[in-house]
Structures are given as C-alpha cells and as structure tokens.
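Listed here are the chains, written in short residue letters.
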Amino acid sequence: MKNINLYKLNDVFENRFYKMPKELFKNANYKKMSIESKVIYAFLLDRMELSKVNHWVNQENEIYLIFTRLEVAEHLNLSAKTVTKAFKELNAKHMIFEKRRGIGNPNIIFIGKLVESRLGESPSENRKFSESLP
C-alpha cells in the first residue's frame, strides 16, 4: 500500500521542534529575507534555552549566546559563506547584535525581538528594536 512511516496521533509530541515566528513570513519587514536567515534566527531563538541554563546574561539582564558561525554552519549543514551572509542580513534587520570579545574568542550574540506588524500602521509606526544594546 504505502511505503512511508506516517505519524500517528500519539507520535506528535514525541519529537522536539524548532519554532519559527510567523512574523518572519507575514510581516513586510521580514518577508523578503532569505530562508536561511529565517531558519538561523529560529535556531538562535531556540539556543537561548541553553543560555538561560548557563545564566548567560549581561548587567541589564539581556540574554546572549556564545555560538560561533562555524558551529551554526555545522549544526544546520550550511556553508560558512551562507551563514556569514545570513548573519549580515540579521544584523542589518536588527534581529541580532554581535559583540566582539577579542582575538580567539567567539562573539557573543544578543537576539533582537521582531518588530510586530499591526493593521493600519506603517512599519515606521511599529515598535522598533532598541538601538541601545551594549
């Protein structure tokens, strides 16, 4: 009949999933972004759980990640060039902020909240990502 192992009702919660914000696909600020950038953003959001466990926060209680671009590339099976391009796009959209820590040390990455789209408002009237990051 069929040669595929399909999910059953009780199997749905068996796997862990990455969550991807719908804003990335519905909001005009993010619609034209590359799918790689969107996936990396969702991946970094998920990675904040580890930061919480490790208590990686600054003096303002802002959570950060310690995660190299090479590690991202390896985890997602992407080229270093693709990850670098995606990080540039995420930085340009104020979705991440990287703070350099010196030669030989990985950057620390802060995750920016998405600008929410609101009906009847232009993107410039929406809440903006804080420019006051460390």
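Okay, so let's go over this structure. (Residues numbered from 1 in each chain as written. Predicted model: local features only at pLDDT ≥ 70, side-chain atom pairs only at ≥ 80, totals over all residues. Heavy atoms only, no water.)

**Here's the deal with the packing of helix 3 (residues 69-76) against helix 4 (residues 80-92)**
Running from N to C, helix 3 and helix 4 cross one another at 115°; their axes reach a closest spacing of 9 Å. Crossing hand, helix 3 versus helix 4: right-handed. Only A80, V83, T84, F87 and N91 of helix 4 make contact with helix 3, whose side of the interface consists of R69, V72 and A73. Taken together, the residues of the contact of helix 3 with helix 4 sort by class into five nonpolar, two polar and one charged. (Axes fitted to C-alpha atoms, helices over the stretch in contact; angles between N-to-C directions. Helix = DSSP H or I, 4+ residues; strand = E, 2+ residues; numbered from the N terminus. Left-handed = near helix turned anticlockwise from the far one by under 90°. Contact = heavy atoms within 4.5 Å. Nonpolar A, V, L, I, M, F, W, Y, C, P; charged D, E, K, R; others polar.)

**Here's the deal with the pairing of strand 3 (residues 108-111)**
Burial of strand 3 is two-sided: the residues I108 and F110 facing one way and the residues I109 and I111 facing the other way are all buried. Relative to strand 3, strand 1 (residues 64-66) is paired through three bridges, and the arrangement is antiparallel. Counted as the bridge partner of L65 is I109 from strand 3. (Buried < 20%, exposed > 50% of the residue type's maximum accessible area, 1.4 Å probe, protein only. Pairing = 2+ DSSP bridges.)

**A short note on the packing of aromatic side chains**
Counted by the stated rule, this structure contains four aromatic pairs. Three or more aromatic residues link up through ring pairs in this structure, and these residues are Y18, F43 and F67. (Phe/Tyr/Trp six-rings, centres within 6.5 Å; stacked < 30°, edge-to-face > 60°.)

**Things to note about the packing of helix 2 (residues 35-54) against helix 3**
Between helix 2 and helix 3, whose axes approach to 12 Å, the crossing angle comes to 105°. By the angle class used here, helix 2 and helix 3 are roughly perpendicular. Between helix 2, through V39, I40, F43, L44 and R47, and helix 3, the contact on the second element is made entirely by V72, H75 and L76. Split by residue class, the contact of helix 2 with helix 3 holds six nonpolar, one polar and one charged. (Parallel < 35°, antiparallel > 145°, perpendicular 65-115°, else oblique.)

Without other data, these values stay purely geometric and don't point to any function.
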